[in-house]
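What follows is the residue order along each chain.
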Amino acid sequence: MRGVQSDQAAPVEGAIEQAKQAAGEKDVMVVGGPIVGQQLLKAGLVEELQIGISGEAGTYKDMFV
């Protein structure tokens, strides 16, 4: 398994393209917080969404703003 890292300021489209090239025919899974999730949803790059919530209420950024 190989990973592709992208800093928060970089466009998600480029990171996803790198990940797809590295994965070949395999699926690409992105793990991140609400900011990454929002960027992927806005760019139309999400085929399946799994949400895990942890932490104390009010300590995380709302994903669906």
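Residues numbered from 1 in each chain as written. Predicted model: local features only at pLDDT ≥ 70, side-chain atom pairs only at ≥ 80, totals over all residues. Heavy atoms only, no water.

## Section: the environment of Val46
Let me state the cut-off plainly: Where helices and strands are cited, they refer to DSSP runs of H or I of at least four residues and of E of at least two residues respectively, numbered from the N terminus.
As for its position among the elements, Val46 is in the segment after helix H2 (34–42). Linking Val46 and Val30, residues 16 residues apart in sequence, is a C-alpha distance of 9.5 Å.

## A word on a nonpolar patch on the surface
Counted only if it meets this: Patch membership requires more than 30% relative accessible area and the absence of a salt bridge. Residues of like charge join within 9 Å; the nonpolar side chains Val, Leu, Ile, Met, Phe, Trp and Tyr join within 5 Å. Accessibility throughout is a Shrake-Rupley quantity obtained with a 1.4 Å probe, and a residue counts as covered only by protein chains that appear here. Salt bridge, as used here, is a side-chain nitrogen of Lys or Arg placed within 4 Å of a carboxyl oxygen of Asp or Glu. The rule is simple: take the accessible area with a 1.4 Å probe, protein chains only, and divide by the maximum for that residue type; under 20% is buried, over 50% is exposed, in between is partly exposed.
Taken together, the side chains of Leu41, Val46, Leu49, Ile51 and Ile53 present a nonpolar region at the surface, about 430 Å² in accessible area. Its place among the elements puts Leu41 in helix H2. Judged by its relative accessible area of 34%, Leu41 falls in the partly exposed class.

## A look at H2
Operational definition: The arc in question is traced by the directions running from the helix axis to the C-beta atoms. What makes two residues a contact is simply this: any of their non-hydrogen atoms within 4.5 Å.
If you check which residues of H2 are buried, you get Gly37, Gln38 and Leu40. Viewed end-on, H2 has its buried residues packed into an arc of 165 degrees, placing them on one side of the element. In this fold, the buried residues of H2 make contact with helix H1 (12–23). In the stretch just after H2, Gly44 is the one whose phi turns positive, near 70 degrees.

## Overview of the environment of Gly44
With respect to the element layout, Gly44 can be found in the segment after H2. On the accessibility criterion, Gly44 (60% relative accessible area) is exposed. Remark: the alpha-carbon pair of Gly44 and Glu13, spanning 31 residues in sequence, is separated by 9.6 Å.

## Regarding the environment of Leu45
Residue position: Leu45 is located in the segment after H2. Judged by its relative accessible area of 32%, Leu45 is partly exposed. In this structure the C-alpha to C-alpha distance between Leu45 and Ile16, which are 29 residues apart in sequence, comes to 8.2 Å. Not counting residues up to four positions away in its chain, the partners in contact with Leu45 are Val12, Glu13, Ile16 and Leu40.

Function-wise, these values are silent; they only describe arrangement.
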